[in-house]
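Analysis of the macromolecular model
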Amino acid sequence: MKQLIKNGILVDSDGQYSQDLLIENGVICQRDTAIEADSQCEVIDASGCYVMPGGIDVHTHFNIDVGIARSCDDFFSGTRAAACGGTTTIIDHMGFGPAGCNLHHQLNVYHQYAAGNAAIDYGFHGVIQHIDDGILEEMASMVHDEGISSFKLYLTYLYKINDADVLRALGQLRQVGALTTVHPENDAAIALRRAALVAAGKTAPIHHALSRPLECEAEAIGRMINLAHLADNAPLYIVHLSNGLGLDYLRLARQQRQPVWVETCPQYLLLNEQCYLREDGAKYILSPPLRDQRELDRLWIGIADGSIDTVATDHCTFPYHQRQAMATGDFTRCPNGLPGVENRMMLLFSHGVLSGRISPSRFVALTSSNPARLFGLWPRKGNLNPGADADVVIFDPRQSTVISHAWLHDNADYSPYEGFQCQGAPVLTMCRGEIVARNGEFTGRQGYGQFLRRRPFNAQIAAKMG
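An unreviewed UniProt entry lists the chain under the name Dihydropyrimidinase, from Serratia fonticola. As stated in UniProt under Sequence similarities (unreviewed entry), the record for the chain gives "Belongs to the metallo-dependent hydrolases superfamily. Hydantoinase/dihydropyrimidinase family." Turning to the chain, the UniProt annotation filed under Cofactor (unreviewed entry) states: "Zn(2+)".

Shown next, in the form of structure tokens:
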């Protein structure tokens, strides 16, 4: 089967081109000016639109059990929503397993969650709950046999890793060809502040933010940078950055040529801590929390100047009615996380590209090509070159949209972006040549997505990011 996308503006992380795109059997086979269609070719007219690589969201939490609740989006509803928003690949951060379990335990569990359910292609990040000799030895087989080339560790929550074990993990992951990703918050400082607030009866949503100030996040970022340097410059990736001080630490590390990269999310670019003062403020509880507007402005500078490498979502959905029932006015009882996998591309396109903050090529770098290069998917994903999977999103900059959860495709009961006006929308999403969404409607099928065995981390590929 052949498809020909004509008359659009092709965009990759290097530039824009007046070219057509020819696809055969789910793979891009030609890009050139004025390609002629033959009788076996389906022609897709992209006049007036941008033709881009499909989005890659490298931070989702589908079907995750956080101990007090399980997120409402599984691998079908979550990837269905992703497809409708222009994303063609996700890499999910696996949740914790039983105490003492090995690395393969959760991988086996998550294969069962995703196989036969995911509507787009997917991978997993390994999750590190503890460090011992067995875990360190197991890392190589996860990378080279299972295709899991990135691992997450936490500096807070139930299975937080102490500094000595962080150092051991960083060193071993570097040796086996993996990228260490980290949730950086100072657990001790947060626990002390939270206890003081609760003792004083201060448990409203705004006190969630006050219990986790930006200094707690920035300190942990600085600590991880230094530990990674001690581990022979182990490659390091900071997830869901929410503040400018942490970004300054990352810039300083890069000036010293340290291999560090950073992700942020739309909520940290577009929502601020005033949301916690709303009557429905519990909708916005997540960690790290939303910040002051000044921090949003500092992150937008990082988006524009190349200091921030990727924009993901940290999609982790608990319905508002569930939050209300569980929290009963106490932020410490509320499960953390926001929906957003369907809105990421539209929000960044509207508030980034069409607002003039970034170019279309920078948009592609942040949402697709940089994630592919960092996480072992390049050159199969993240570009429109011959030989790559035909993962394509067509964006129409002329469409105006007001976001409403009524037309979204996740299993939540709200959107944190309700009422946001967006200019530009994904009008067609194609995953390996199959049209999985068109004009906001899901046209794919449950189970179409394939598990992606990712290549080991490659510093030379990562160094060429846009």
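The rest of the description comes next.
Structural notes on the environment of Gly95
When you line up the elements, Gly95 lands in the loop between β9 (87-93) and α2 (103-114). For the pair formed by Gly95 and Trp407, sequence separation is 312 residues and the distance between their alpha carbons is 28 Å. For Gly95, the contacting residues outside a window of four places in its chain are Ile64, Gln106, Tyr110 and Val127.

Quick look at the sheet that holds strand β6 (residues 41-45)
If you walk across this open sheet you meet the 4 strands as β5-β4-β1-β6, and the pairing is mixed. Looking at the sheet topology across the chains shown, the edges are occupied by β5 (27-32) and β6. With strand direction ignored, the average angle separating the axes of adjacent strands in the sheet is 20°. Both strand β1 (residues 2-6) and strand β4 (residues 20-24) contribute to a ladder of 4 bridges, which runs antiparallel. Pairing of Lys2 across the sheet is with Glu24, part of β4.

Here's the deal with unusual backbone geometry
That bond from Ser287 to Pro288 is cis: its omega, -5°, falls within 30 degrees of zero. That bond from Trp378 to Pro379 is cis: its omega, 5°, falls within 30 degrees of zero. In this fold, Pro379 is placed in the loop between α13 (360-374) and β16 (392-402). Backbone geometry at Asn7 places phi at a positive 75°, although glycine is not the residue there. Mapped onto the secondary structure, Asn7 falls in the loop between β1 and β2 (9-12). What makes Asn7 partly exposed here is its relative accessible area of 45%. Backbone geometry places Asn25, a non-glycine residue, at a positive phi of 55°. With respect to the element layout, Asn25 can be found in the loop between β4 and β5.

Remarks on the packing of aromatic side chains
Aromatic ring pairs: the centre-centre distance and the angle between the two ring planes describe each pair. Applying the stated rule across the entire model yields 21 aromatic pairs. Ring geometry for Tyr110 versus Tyr113: centroids 4.9 Å apart, planes at 65°, classification edge-to-face. Of the two residues, Tyr110 and Tyr113 both sit in helix α2, 3 residues apart, roughly one turn of that helix. Look at Phe349 and Phe395: their rings are 4.4 Å apart centre to centre, the planes differ by 25°, and that puts the pair in the stacked class. With Phe349 in helix α12 (residues 344-353) and Phe395 in strand β16, the pair connects residues that are 46 residues apart, well separated along the chain. Pairwise contacts between aromatic rings join Phe62, Phe75, Tyr110, Tyr113, Tyr122, Phe124 and Phe451 into one cluster. The ring of Tyr17 is capped by Arg31, whose NZ or CZ atom sits 4.8 Å from the centre of that ring. Looking at Arg373, its charged tip hangs above the ring of Trp378, at a distance of 3.8 Å from the centre.

Quick word on the pairing of β4
Taking burial as the measure, the 5 residues of β4 include 4 buried ones, the bulk of the element. The sheet contact formed by β4 and β5 spans 5 bridges and is antiparallel. Counted as the bridge partner of Ile23 is Ile28 from β5. From the end of β4 to the start of β5, which pair antiparallel, there are 2 residues, and Asn25 there has a positive phi angle of about 55°.

Some remarks on the UniProt feature "domain: Amidohydrolase-related" (unreviewed entry) in the chain
In the numbering used here, UniProt assigns the feature "domain: Amidohydrolase-related" (unreviewed entry) to residues 50-436. Between the end C-alpha atoms of residues 50-436 there is a gap of 18 Å, over a span that is 38% helix and 18% strand.

Considering the pattern of salt bridges
Within this structure, the stated rule accounts for 28 salt bridges. The partner of Asp389 in a salt bridge is Lys381, with the nearest N and O atoms 2.8 Å apart. Since its relative accessible area comes to 9%, Asp389 is described here as buried. Within the structure, one salt-bridge network assembled from shared partners comprises Asp121, Arg380, Lys381, Asp389, Asp391 and Arg432.

Section: the sheet that holds strand β18 (residues 434-438)
A sheet is described by the order of its strands in space; here 7 strands give the open sequence β3-β2-β7-β16-β17-β18-β19, paired in mixed fashion. Of all the strands in the sheet, the pair left with one neighbour each is β3 (15-17) and β19 (441-442). Sheet topology places β16 next to strand β17 (residues 421-431); 8 bridges connect them, and they run antiparallel. If you follow Ser400 over to β17, its bridge partner there is Gln423. Relative to the sheet, α13 contacts β2, β3, β7 (50-53) and β16, its axis offset from that of β7 by approximately 30°.

A word on the side chain of Asn63
When you line up the elements, Asn63 lands in the loop between β8 (55-60) and α1 (75-84). Setting aside residues no more than four positions away along its own chain, Asn63 makes contact with Arg70, Ser71, Asp73, Asp74, Tyr110 and Tyr113.

Describing the packing of helix α4 (residues 163-176) against helix α7 (residues 214-230)
It is the contact of α4 with α7, at a shortest axis distance of 9 Å, that shows an interaxial angle of 50°. As judged from the angle between their axes, α4 and α7 are oblique. Here the hand of the crossing between α4 and α7 comes out right-handed. Contact residues: Asp163, Val166, Leu167 and Leu170 in α4; Arg223, Met224, Leu227, Ala228 and Leu230 in α7. Per-class residue counts for the contact of α4 with α7 are 7 nonpolar, no polar and 2 charged.

What to know about the packing of α12 against α13
The geometry of a pair of packed helices is captured by two quantities: the angle between their axes and the separation between those axes. Running from amino to carboxyl end, α12 crosses α13 at an angle of 145°, the nearest separation of the two axes being 10 Å. You can see that α12 and α13 cross each other, and the crossing is right-handed. Along its contact with α12, which presents Arg344, Met345, Leu348, Phe349 and Val353, the element α13 presents Pro360, Phe363, Leu366 and Thr367. Each residue belonging to the contact of α12 with α13 can be placed in one class, and the counts come to 7 nonpolar, 1 polar and 1 charged.

Calculation notes
Residues numbered from 1 in each chain as written. Predicted model: local features only at pLDDT ≥ 70, side-chain atom pairs only at ≥ 80, totals over all residues. Heavy atoms only, no water. UniProt positions renumbered as here; feature names shortened; annotations may be inferred. Helix = DSSP H or I, 4+ residues; strand = E, 2+ residues; numbered from the N terminus. Contact = heavy atoms within 4.5 Å. Pairing = 2+ DSSP bridges. Axes fitted to C-alpha atoms, helices over the stretch in contact; angles between N-to-C directions. Buried < 20%, exposed > 50% of the residue type's maximum accessible area, 1.4 Å probe, protein only. Phe/Tyr/Trp six-rings, centres within 6.5 Å; stacked < 30°, edge-to-face > 60°. Lys NZ or Arg CZ within 6 Å of the ring centre and 35° of its normal. Salt bridge = Lys/Arg side-chain N within 4 Å of Asp/Glu carboxyl O. Parallel < 35°, antiparallel > 145°, perpendicular 65-115°, else oblique. Left-handed = near helix turned anticlockwise from the far one by under 90°. Nonpolar A, V, L, I, M, F, W, Y, C, P; charged D, E, K, R; others polar.

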